[in-house]
Every structure is written in C-alpha cells, then in structure tokens.
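So the chains spell out like this:
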Amino acid sequence: MKLRKSLITASIAAAVALGAMGQVQASVYAGAFLEIDNLVISTTGVGDPAVPINYLFNTRNTATLNGTNAIETATCQGVISTVSGTDCNTTGNVLDAAPAQVGTTQADNNFSYLGPGGNEYARADSVIIDAQLVNAQPTHTINIAESELQASGSASASSDIQSTTGLTFVFDVSGPGTISVAFDADIGLLAHIAEPGALIASAQASTSVQWLFSQDNTGNSVTWNPETVGTGACVDGAQSGVGVTCDSQTVGEDLNQEVSVNTVPNSEDAYSRSPATDPGFTAFSATFSFVEAGRYTLALTENKQVQVSLLKVPEPTTLLLLGSGLFGMGIARRRIRKA
C-alpha cells in the first residue's frame, strides 16, 4: 500500500512540475487602448451662444481573472452658472478612478502595454485629465484594458468613460444653429495567441465611441459613431426624428473596431497597434445642426473591452509520466499479490 501511494505521489508531482514548465511558454493576450485629446465643443450660427447648464462624468474599470473580480469607479458633476459649482477636481486630474487589476500591481495611470509576455493578469485603468467645462482646458482622456493567460482559464477587462453635457439654446429659429465637436484620438488593439499546446484558445479586443446629440423636450436626436475614415458628409450619423442632423465629419481612424483570433498558435489580429501601422493621433470632428429652440444634451460614451480564454492540451511528457506511474502501480500490485 505504501509503495502504491509513493508511486502515485511521485507521478503526479512530476507531471505537475513539467506542466508548470510548459505553462511559462503559453500566452493568450488581448489589449485595447484609446486616448482622446484636444476635445473642444463649439457652437455657430445661433442668435445667442449655447449655454452649458450641467455636466456629468463617469469612469469605470473592471478586471476578472479566473473568477476573481476587481471593480473601480469614479464620478463627478457640476452646474454651470454665474458661479460654477462642481465636485470634479479643478486642479490635477479632473476625474481618476483607481485601476482595477488582478494578478498585477501596476501604478495608477500606467498606460504602457504590459503584454504580450507580461505573465498572467487582467487590468483596466482610465482617467479624465482635463475637461473643457471644468477647468477651461480642452478635454483629455486615456483608457486601457489588458488581459493575458499562460495557463488554462479565462480573463477579461474593460474600461469606459462617459461624459454627458446638458446645453440650452436660445436663438432665433430663422437662423439655424450648429454644435461641433473636434478632437484628436489614438487607438490601439491587439489579439494574440502564442501557445502551441492550445486545445481551445481565443482573444478579443474592441473599442467603441459614440456621440449622442438630442433635444430633451422632443426626443429627436442623432448618433455619431466615428468609423468611416475620411472627410465629408456625415455617413456615420444616424438620425431619429426631425430637426437634429449630423452634417459633416472628419474621421482619422475607425474608433469602433474589434480584433480577434481563435485557437491557431502563433496568430494575431491587430489594429493600429504596431509601430509600422500606428499613425498616432489623428483628427476627428462632426457638426450637428438643429432648427428648434429648446434644451439639448450632448453625450459621449467610450468603452474598451478585452477577453481571453485558454484550454491547454496535456503535454506528451505529462501523459508519459502519468502512464509510467500507473504502469508502476500495476507492477507493484502484481508483486504484492505474488508475495
């Protein structure tokens, strides 16, 4: 009996040790990054200027690694009046949620890529550095989400920033008005599998950016999802109702993009991530028109998400050791019976 137990123990220990050695070579990775800078909101063609009445900012970071979760959020808001009232930071970062991370301990606002090859973790981080309505600076935000596996399991991460601005327009309807948004953005996405022993593996990374300009009392609105690279008519705008339209756009890159790979070892899908293909910051703008007086809301929503999963094939050496252990058990048991 003692001999059989020792053989089982030795076989399993050797299998686990060699399995751990094999795991070091595994890498299933997904990363998503988006930075928006120099964001300015402006109005033209109205009898009186558009007056912002309030603003609301939200940031949310989530990370999950094999069932362990981390969530960090932050929010602030303000009212525009003769005396501006806000609980956003007027010095330093306007709004900064702590990083959500499992399996790693990166400093707050570390927006450098850890992977591929950064071990096993899930992390997300986001910050609003400046905001036009808070400290009179062009709005600047940065988000990142990354996950990586080296052993069988699953991981995911996401970061998002939501910004809502309520505006009131007072103008002569005989002179139509417009509101414009202009900014620079840098996006990077990568899905990567470098695991020769993967039985099932997947990596996905995506980012989405949407502007919604709506009239509060009628519900008429237009959404703009910057996707179609180029300048001209607002082909990325979807109208709901009448009286609010998207007229023109400039799109430097597709900000609503997804990359993914499945199972195939040494495969990857990327968008604007490598130095050879990443142009850095590119220009974006859109002009929305309205014809009725009233109160309007302009909302920006941006989100980054990554997901990775891995199921490894047992290594031949591991199977051989387990088989040897079972074979040894059989021999030992036969000798015991003969004795």
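Details of the structure are given in the entry above.
Predicted, not measured: the structure shown is a model, and the values here were computed from it.

Colleague: Which parts of the structure should I look at to understand the packing of aromatic side chains?
Modeller: For any pair of aromatic rings, geometry is given as the distance between the ring centres together with the angle between the planes. With the rule as written, the count across this model stands at 12 aromatic pairs. Pairing Phe169 with Phe213 gives two aromatic rings, centres 6.3 Å apart and planes at 90°, and the pair type is edge-to-face. One end of the pair, Phe169, is in strand E8 (residues 153-169); the other, Phe213, is in strand E10 (residues 198-215), and 44 residues separate them in sequence. A single burial state applies to Phe169 and to Phe213, both of which are buried. Ring centres of Phe169 and Phe290 lie 4.4 Å apart, and the angle between their planes is 40°; on these two criteria the pair is classed as tilted. One end of the pair, Phe169, is in strand E8; the other, Phe290, is in strand E17 (residues 282-290), and 121 residues separate them in sequence. Residues Phe169 and Phe290 agree in their burial class; the two are buried. The rings of Phe169, Phe213, Phe288, Phe290 and Tyr296 are connected pair by pair, giving a single aromatic cluster. The ring of Tyr113 is capped by Arg273, whose NZ or CZ atom sits 3.3 Å from the centre of that ring.

Colleague: Any chance you could explain the side chain of Ser267 here in plain terms?
Modeller: Position of Ser267 relative to the elements: it lies in strand E16 (residues 267-271). Under the relative-accessibility criterion, Ser267 is labelled buried at 15%.

Colleague: I'm lost on a nonpolar patch on the surface in this one. Help?
Modeller: Together, Leu199, Ile200 and Leu311 give the surface a local cluster of nonpolar side chains, amounting to about 270 Å² of exposed area. Note that Ile200 resides in strand E10.

Colleague: When you look at the nonpolar core in this model, what are you seeing that I'm missing?
Modeller: A general trend in soluble globular proteins is that nonpolar side chains are found buried together. Ranked by internal contacts, the top residues of the largest apolar core, which has 57 residues, are Phe169, Phe183, Trp211, Phe213, Trp224 and Phe288. By residue number, the principal contributor to this core is strand E9 (residues 177-193), which donates 8 residues. Residues Tyr55, Cys76, Cys88 and Ile161 belong to the second largest nonpolar core, which totals 12 residues.

Colleague: Mind showing me how you'd approach unusual backbone geometry here?
Modeller: Of all residues except glycine, most have a negative phi; of all peptide bonds, most are trans. In the segment running from Gly115 into Pro116, the intervening peptide bond is cis, with an omega of 5°. Tracing the backbone through its elements, the reader meets Pro116 in the loop between strand E5 (95-102) and strand E6 (121-130). The phi dihedral of Asn109 falls on the positive side, at around 65°, and the residue is not glycine. Although it is not a glycine, Asn266 sits at a positive phi angle of roughly 55°. Along the chain, Asn266 turns up in the loop between strand E15 (257-262) and E16. Here Asn266 falls in the exposed class, since its relative accessible area comes to 65%.

What counts as what
- Residues numbered from 1 in each chain as written.
- Predicted model: local features only at pLDDT ≥ 70, side-chain atom pairs only at ≥ 80, totals over all residues.
- Heavy atoms only, no water.
- Phe/Tyr/Trp six-rings, centres within 6.5 Å; stacked < 30°, edge-to-face > 60°.
- Helix = DSSP H or I, 4+ residues; strand = E, 2+ residues; numbered from the N terminus.
- Buried < 20%, exposed > 50% of the residue type's maximum accessible area, 1.4 Å probe, protein only.
- Lys NZ or Arg CZ within 6 Å of the ring centre and 35° of its normal.
- Patch = residues over 30% accessible without salt bridge, like charges linked within 9 Å, V, L, I, M, F, W, Y side chains within 5 Å.
- Areas by Shrake-Rupley, 256 points an atom, 1.4 Å probe, with all protein chains shown as cover.
- Salt bridge = Lys/Arg side-chain N within 4 Å of Asp/Glu carboxyl O.
- Core = buried A, V, L, I, M, F, W, Y, C linked by side-chain atoms within 4.5 Å.

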